[in-house]
2 protein chains.
Amino acid sequence: MPLKFEIKLELKLKEKTQSQIVTPDLLHGFFFNLLPPNLAEEFHKPSRFKPFSLWSRDIFNFNKALSDHNKENSTPSKEITVTISFIKDEYYPAFLAALFERKKKLFLGPYAVKLKMLDGKLIKNDQYQGFDEFLNISPHPYLYFYFKTPVVFKRGEMDYPLPEPRLVFKSLLNKWNYFSPFKVKVDLRKTLEEKICIIFAGIRTHKITLSLGSGITGFTGKAVFYGRNLTDEELLWLNILGEFSNYAGVGRKTTMSFGMTRFEAHNKEKEL
Amino acid sequence: MPLKFEIKLELKLKEKTQSQIVTPDLLHGFFFNLLPPNLAEEFHKPSRFKPFSLWSRDIFNFNKALSDHNKENSTPSKEITVTISFIKDEYYPAFLAALFERKKKLFLGPYAVKLKMLDGKLIKNDQYQGFDEFLNISPHPYLYFYFKTPVVFKRGEMDYPLPEPRLVFKSLLNKWNYFSPFKVKVDLRKTLEEKICIIFAGIRTHKITLSLGSGITGFTGKAVFYGRNLTDEELLWLNILGEFSNYAGVGRKTTMSFGMTRFEAHNKEKEL
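These numbers were taken from a predicted model, which means no experiment stands behind them.

**Side note on the interface of chain B and chain A**
Where the parts come together, the accessible area they lose is often given as the size of the interface. Contact residues are listed per partner, giving 27 residues for chain B and 27 residues for chain A. Carbon and sulfur atoms make up 54% of the surface buried where chain B meets chain A, a total of about 2,000 Å² over both sides. When the area that chain B buries against chain A is broken down by residue, the three leading residues are B:Met158, B:Leu162 and B:Ile198, summing to 28%. Our count for the contact surface shared by chain B and chain A stands at four salt bridges. Among the secondary structure elements, those contributing two or more residues to the side of chain B that touches chain A are β9 (158-160), α6 (165-179), α7 (189-194) and β10 (196-209) of chain B. No other element matches the eleven residues that β10(B) contributes to the side of chain B that touches chain A. For the side of chain B that touches chain A, the per-class residue count stands at 13 nonpolar, three polar and eleven charged. With three bridges connecting them, strand β10 (residues 196-209) of chain A and β10(B) associate as antiparallel partners. If you follow A:Arg204 over to β10(B), its bridge partner there is B:Gly202.

**Re the UniProt feature "domain: CRISPR-associated protein Cas6 C-terminal" (unreviewed entry) in chain A**
Sequence positions flagged by UniProt for "domain: CRISPR-associated protein Cas6 C-terminal" (unreviewed entry) are, in local numbering, residues 147-261 of chain A. Along residues 147-261 of chain A, the helical share is 33% and the strand share 34%, with 5 Å between the first and last C-alpha atoms.

**Topic: unusual backbone geometry**
Excluding glycine, a negative phi dihedral is what most residues carry, and trans is how most peptide bonds are arranged. Residue and element names in this part refer to chain A. Even without being glycine, Asn-229 reaches a positive phi, approximately 55°. Here Asn-229 shows up in the loop between β11 (215-227) and α8 (232-248). Asn-229 gets classed as exposed once you look at its relative accessible area, which sits at 68%. Backbone geometry places Ser-257, a non-glycine residue, at a positive phi of 80°. When you line up the elements, Ser-257 lands in the loop between α8 and β12 (261-266).

**Digging into empty space enclosed by the protein**
Summed over all chains, the structure comprises two cavities of 30 Å³ or more. Approximately 70 Å³ is the volume attributed to the largest cavity. Along its surface, the largest cavity is lined by A:Arg155, A:Met158, A:Asp159, A:Tyr160, B:Glu164, B:Pro165, B:Arg166, B:Leu192, B:Glu193 and B:Ile196. Looking at the lining of the largest cavity, the elements that each hand over two or more residues are β9 (158-160) of chain A together with α6 and α7 of chain B. A per-element tally of the lining of the largest cavity places β9(A) first, with three residues. Looking at side-chain class alone, the lining of the largest cavity contains five nonpolar, no polar and five charged residues. Size it by volume and the second largest cavity reaches roughly 30 Å³. A:Ile7, A:Leu27, A:Phe30, A:Phe31, A:Leu34, A:Leu54, A:Val82 and A:Ile84 are the residues that line the second largest cavity. For the lining of the second largest cavity, the elements supplying multiple residues, two or more each, are α1 (24-34) and β3 (77-86) of chain A. If one sorts the elements of the lining of the second largest cavity by residue count, α1(A) sits on top with four residues.

**Observations concerning the pairing of β12(A)**
Residue and element names in this part refer to chain A. Here β12 shows a clear split, with Thr-261, Phe-263 and Ala-265 buried on one side and none of Arg-262, Glu-264 and His-266 buried on the other. Across six bridges, the pairing between strand β7 (residues 142-151) and β12 is antiparallel. Bridge pairing links Phe-147 to Thr-261 in β12.

**Some details on the environment of A:Leu26**
Residues and elements named next belong to chain A. Mapped onto the secondary structure, Leu-26 falls in helix α1. Taking the relative accessible area as the measure of exposure, Leu-26 reaches 27% and is therefore partly exposed. Sequence separation between Leu-26 and Phe-182 is 156 residues; the distance between their C-alpha atoms is 35 Å. Contact partners of Leu-26, with chain neighbours within four places excluded, come to Ile-21, Leu-108, Gly-109 and Ser-211.

**Side note on the packing of aromatic side chains**
Aromatic rings considered in pairs are described by the distance between their centres and by the relative angle of their planes. Applying the stated rule across the entire model yields 63 aromatic pairs over all chains. Between A:Phe43 and A:Phe52, the aromatic rings sit 4.6 Å apart at their centres with planes inclined by 15°, giving stacked as the arrangement. Judged by relative accessible area, A:Phe43 falls into the buried class, the value being 1%. Owing to a relative accessible area of 1%, A:Phe52 belongs among the buried residues under this scheme. For the ring pair B:Phe145 and B:Phe263, a centre distance of 5.0 Å and an interplane angle of 55° mean the geometry is tilted. On the criterion of sequence distance, the pair formed by B:Phe145 in strand β7 (residues 142-151) and B:Phe263 in strand β12 (residues 261-266) is long-range, its members being 118 residues apart. Side by side, B:Phe145 and B:Phe263 carry an identical accessibility label, which is buried. Feature note: the residues A:Phe5, A:Phe31, A:Phe32, A:Phe43, A:Phe52, A:Phe86, A:Tyr91, A:Tyr92 and A:Phe95 constitute an aromatic cluster, connected by ring pairs.

Thresholds, definitions, all that
Residues numbered from 1 in each chain as written. Chains lettered and ligands numbered in written order. Predicted model: local features only at pLDDT ≥ 70, side-chain atom pairs only at ≥ 80, totals over all residues. Heavy atoms only, no water. Contact = heavy atoms within 4.5 Å. Buried area = accessible area lost by both parts, 1.4 Å probe. Salt bridge = Lys/Arg side-chain N within 4 Å of Asp/Glu carboxyl O. Helix = DSSP H or I, 4+ residues; strand = E, 2+ residues; numbered from the N terminus. Nonpolar A, V, L, I, M, F, W, Y, C, P; charged D, E, K, R; others polar. Pairing = 2+ DSSP bridges. UniProt positions renumbered as here; feature names shortened; annotations may be inferred. Buried < 20%, exposed > 50% of the residue type's maximum accessible area, 1.4 Å probe, protein only. 1 Å grid on protein atoms, 1.4 Å probe; cavity = no way out; pocket = protein on both sides within 12 Å on 5 of 7 lines; lining within 4 Å. Points joined across faces, edges and corners; volume = space filled by probe spheres on them. Phe/Tyr/Trp six-rings, centres within 6.5 Å; stacked < 30°, edge-to-face > 60°.

As structure tokens, then:
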């Protein structure tokens with residue numbers, strides 16, 4: 001059962017250092033530090049798709065805030081929200097137990113980290129949806145994707161940062177079929193090739209630097225798709241995959257803050 | 001020899017009417033009204049690519065200004081700039097002669113039109129570049145496209161409004177080979193498939209209504225491409241095609257205000 005939840009981190013700079021940037025791969029490393037050893041091992045195993053995603057929109061804003069702060073020569077402390085999604089819920093109890101028992105000091109790059117409690121809770125805004133429940137949603141023809149952290153696809157040898165509907169849905173389709181006990185029953189290849197129109201796209205790219213200096217370019221923004229002459233089954237599956245994107249994210253590196261997505265389906269075009 | 005120039009039109013609403021919108025196809029019709037009969041006939045002939053383009057960024061803003069005006073119940077008069085490009089300069093003298101002799105009353109939808117003179121000139125900002133001159137440009141690796149009026153490609157049966165580099169260059173390549181005496185000598189198919197990265201994209205789509213009510217969705221904005229591991233010849237041809245876009249436009253319906261493009265090539269990434 002896919003589920004997701006948020007935790008809040010308070011970051012405090014221990015001493016003035018050269019680099020105060022929190023890169024997506026640093027956050028990824030931090031997350032592995034939170035895991036109990038057996039889970040860390042499980043998540044490290046090579047596999048086509050990882051059973052978790054990890055996002056923080058704040059690390060992108062945070063870095064911006066830091067560079068502003070830096071000019072004023074202060075040492076900032078700030079909160080960031082991290083969203084964790086498990087595609088299979090079996091990981092959840094072990095992760096939670098380890099999180100609550102966590103005593104040792106946590107670091108994220110140059111920052112000391114405190115897990116923030118709110119009303120005695122570490123876990124916020126948890127949501128879950130059984131794979132069987134996805135099958136029972138009521139489908140709508142207009143498919144709205146809000147891309148909240150940079151999205152990037154692989155196309156041949158290159159990164160591809162455009163909301164190409166085929167790539168959006170193929171990424172979701174492959175992940176769904178990998179993890180769900182209910183495989184997609186219709187052949188969506190031709191549907192994706194020939195039937196999906198782009199009704200709206202408003203996006204811009206961002207070049208995100210990783211800690212070793214390499215960069216990945218992804219896009220954020222919004223895209224609205226509409227399928228022409230779809231069968232009921234095709235429309236249902238596009239809706240299911242869209243819903244699934246709320247947990248799975250879209251595109252590459254969703255375990256490293258890329259590809260966080262919010263999906264909505266509507267009966268009509270909404271005011272933009 | 002590709003050339004382009006601007007004319008300025010003053011539009012005056014003769015009487016209050018229901019529709020005050022200037023749609024791209026109305027502008028297209030107006031242009032045919034400006035042509036001498038032999039040219040109108042020539043341009044009407046079925047052909048894969050038209051030897052002219054016609055753009056006005058203002059009709060999109062103009063319509064916005066009108067709907068604002070409308071609320072205030074006034075009858076607006078306004079200037080719009082129209083850019084005309086001829087891919088072959090042989091049309092230019094006949095067009096100019098007809099333009100200067102034009103005495104009869106001109107209309108654009110519900111508007112009476114006056115050709116505006118500026119310092120005794122009807123033609124403004126004219127530019128031209130021989131097909132042979134394109135071959136002598138110095139190529140640069142970063143390719144900046146500014147899409148000034150909505151751009152749209154055809155993909156299968158559907159309109160496709162994203163700055164997909166393959167579609168951008170294929171549109172230019174086909175038009176270049178159709179009109180230029182100097183055909184592209186390298187096979188760019190694999191280059192376009194495998195070597196062009198998107199360094200930056202910042203775009204949004206617009207749904208443009210035509211006078212019979214149908215709509216076309218195109219994008220405006222900016223895209224920066226970079227070719228990896230290009231041969232000198234490949235880089236040269238991408239630069240030539242980019243330069244050519246200043247005259248040819250990009251994508252479909254460039255004779256109807258779509259696909260107006262400004263191209264620049266640079267040695268480094270420019271500040272965004």
